[in-house]
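Secondary and tertiary structure notes
Below are the chains, spelled out letter by letter.
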Amino acid sequence: MIDVQRLVKWYGPTKAVDDLTFHIPKGQIVGFLGPNGAGKSTTLRILTGYLPPTSGRATIDGHDVLTDSLNVRRKIGYMPESTPLYGEMRVEEYLHYRGKLYDMPRTLRNQRIDMLCDRCGLTKVRRRTIGHLSKGNRQRVGLAAALLHDPPVLILDEPTAGMDPNQIGHVRQFISELSGQHTIILSTHILPEVEKTADRVIIIAGGRIVAQGTPDELRKSVAGQGRVVLEVKAEPAAVNNVLRQVPGVNEVEARAVNGWCHAVVTPAAGKDVREPLATTLHRNNWIVRELRHETASLEQFFVQITDHQRVSAAPAAEREPEPTPV
Amino acid sequence: MQKTFTIAKRELTCLFYSPIGYLVLGLFGLGVSWLFFRSFGPGKAAWLRDTFDWLIWLLILLTPAISMRSISEELSSGTIEPLMTAPVSDLQVIMGKWLGAMGFFILLLTPVLILALVLEWTSNPDWGPIFTGLLGLVLVGGLYMAIGVFASSITENQIIAFIVTVFIICVLTLATYFLGRESSFPTGVRQALNYININARYENFSKGLIEIGSVVYLGSGITLFLFLAVKLLESKRWR
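Residues numbered from 1 in each chain as written. Chains lettered and ligands numbered in written order. Predicted model: local features only at pLDDT ≥ 70, side-chain atom pairs only at ≥ 80, totals over all residues. Heavy atoms only, no water.

A word on helix 3 (residues 49-67) of chain B
End to end, helix 3 of chain B covers 26 Å across 19 residues, agreeing with the expected 27 Å (1.5 Å per residue, within 8%). Maximal helix bending in helix 3 of chain B amounts to about 45 degrees, located at Leu59 of chain B. (Helix = DSSP H or I, 4+ residues; strand = E, 2+ residues; numbered from the N terminus. Expected span 1.5 Å × (residues − 1). Bend = angle between axes of the 7 residues up to and from the residue.)

So this is what it looks like as structure tokens:
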């Protein structure tokens, strides 16, 4: 449905998007993830035909975004970053205006607006002036406007920015329900958002794809896979010595915390050491108050890989801390 | 075409959401009435010619004030993004903006019509020059609005859009007026400058003449500036 080939975008001397290639099949929800300034919005703007790419090609449902822009624009519903809206219009009025721009007849408009106001939680503010709405409500108006003409492709640039946790939950659920008949690409720098809604995640940093896959796949590729954290009543040195001999254990870090020994055990790749650990602890007659398996979160992965990118991209001088003036 | 009107209607209604629209309407009504009643009384000519000749000068500041927000506001608030990613052509956007501004301008001229009715009530005016005068105002206003929409699509700053519009209008009116009288210029150049001078062209309208030359001149001016505005908007897709 969405096909991007070797996309490059220069803003004057800065390269915002650097050789991006990806393909999104119909009906998939793709999370576009990256730190601020990674080139997410630029890529989405190119997909909507708002910005031209410097080189490369992007097509939506077979229509080139550059040469067949009007057809592309009919197929997409776009919610720009920070949701610019006409502050002086009323919610309903704005939605009708948008509907007319998409050639929607009045009855269809009324029907869709009723449905979307209901689904997006706008029923109470339908008659209110957009300029007086809260940030979260404005976002919802933007979302309703993007969905109004029932587009097969939805491009949402940070759809939940500025919403409260409740609203985020609703929107997330709403987006999940839209999958199947809609192809959705949503950008965010908040990880849990894509972890829960997206079928696939594309992580970009510095304009390049640094990782992609399903949230599960990405989680698996996190270095160190997982570790076991335990707290026992014993001397850290003893714990360190004993646990190191357990088969499958790679490394142990033990330290004293308030009379307890807090140990972090890193297993060898692919090993589950919880059972042998428990047996060993039991054999030593140590009192255990905690034993848990910690799986690496996508968050750690995200930080790890985007941070790495930033470090390798930064000039050497920036990496050294400045000497503090005396 | 439908979408052009949709944009024009939004443009027009939005002028009335803010107090600015009413303020301009009120001040203009007041100004026109003052100009009218200065030359209204027993023994004076029952015409609007003096009013028209003053009005044409007022347009130099009035029309840019209406047109300056058209595209600039969309650019500065970012609403240009959802607009240009909707299936509307750049021509439809520009035409919609211009028609919306023209709608407001024509609304602005209603006090003139009321004043004409006052004349009708008190004496026996010649309606011909009143209509040609109004037609001229609409044509000249249309050109100024087209210049204004063009200037507005240059920048997201409304003040700059206003100044650029006033500047271009002044070149077409004041500059051509003074340079056209400069005796050191060859006659051909002076004639050309006088030909361009919009106020000189308007004089015939207020006298009651409809010159094909003037109509073509103003019409092609409108077309030129609207075309330039479309090209400017288009160029934003290429940057």
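As for the sheet that holds strand 2 (residues 14-24) of chain A
Residues and elements named next belong to chain A. With antiparallel pairing, four strands are arranged side by side in an open sheet as 2-1-4-5. What marks the edges here is a single partner per strand, and that holds for strand 2 and strand 5 (63-64). With two bridges connecting them, strand 4 (residues 55-60) and strand 5 associate as antiparallel partners. By the bridge assignment for strand 5, Thr59 is matched with Asp64. (Pairing = 2+ DSSP bridges.)

Description of the confidence of the model for chain A
On average, chain A scores 83 in pLDDT, and the residues at 70 or more come to 90%. Low pLDDT (under 50) marks residues 311-326 of chain A, which in the prediction has two contacts with non-local residues, meaning those over four places away or in another chain. (pLDDT = per-residue confidence, 0-100. Contact = heavy atoms within 4.5 Å.)

Things to note about the side chain of Asn204 of chain B
Turning to its location among the elements, Asn204 of chain B is positioned in helix 11 (residues 198-207). In this view, Asn204 of chain B contacts Leu209 and Glu211 of chain B; residues no more than four positions away in its chain are not counted.

Quick look at the interface of chain A and chain B
Accessible area lost upon the coming together of the parts is a frequently used measure of interface size. Contacts between the two partners involve 25 residues from chain A and, on the opposite side, 24 residues from chain B. At the junction of chain A and chain B, the tally comes to three salt bridges. Between Asp103 of chain A and Lys3 of chain B there is a salt bridge, with the nearest N and O atoms lying 3.4 Å from each other. In this structure, the connection of chain A to chain B is made through 11 residue pairs in polar contact (both at pLDDT 80 or more). The element that contributes the greatest number of residues to the side of chain A that touches chain B is helix 3 (residues 91-101) of chain A, accounting for six residues. Taken together, the residues that form the side of chain A that touches chain B break down as 14 nonpolar, two polar and nine charged. (Salt bridge = Lys/Arg side-chain N within 4 Å of Asp/Glu carboxyl O. Polar contact = N/O pair within 3.5 Å; in protein donor to acceptor, adjacent residues only side chain to side chain. Nonpolar A, V, L, I, M, F, W, Y, C, P; charged D, E, K, R; others polar.)

Remarks on the packing of helix 4 (residues 69-77) of chain B against helix 6 (residues 90-108) of chain B
All names here are of chain B. Look at helix 4 against helix 6: their axes get within 10 Å of each other, and the N-to-C directions meet at 125 degrees. As judged from the angle between their axes, helix 4 and helix 6 are oblique. In contact with Ser70, Ile71 and Glu74 of helix 4, helix 6 contributes Val93, Ile94 and Lys97. Classifying every residue of the contact of helix 4 with helix 6 by side-chain character gives three nonpolar, one polar and two charged. (Axes fitted to C-alpha atoms, helices over the stretch in contact; angles between N-to-C directions. Parallel < 35°, antiparallel > 145°, perpendicular 65-115°, else oblique.)

Description of the sheet that holds strand 9 (residues 200-205) of chain A
All names here are of chain A. Read across the sheet, six strands follow the order 6-7-8-3-9-10 without closing on themselves; strand pairing throughout is mixed. Of all strands in the sheet, those bounded by a partner on one side alone are strand 6 (76-79) and strand 10 (208-213). The sheet shows a mean angle of 15 degrees between the axes of neighbouring strands, direction not considered. Along the sheet, helix 5 (residues 135-147) makes contact with strand 6 and strand 7 (153-157), crossing strand 6 at roughly 165 degrees. Sitting on the sheet, helix 6 (residues 165-178) is in contact with strand 3 (29-33), strand 7 and strand 8 (183-188), with an inclination near 150 degrees to strand 8.

Observations concerning the environment of Ser82 of chain A
Here Ser82 of chain A shows up in the loop between strand 6 and helix 3. Put simply, Ser82 of chain A and Arg138 of chain A are 56 residues apart on the chain and 9.1 Å apart in space, counted from C-alpha to C-alpha.

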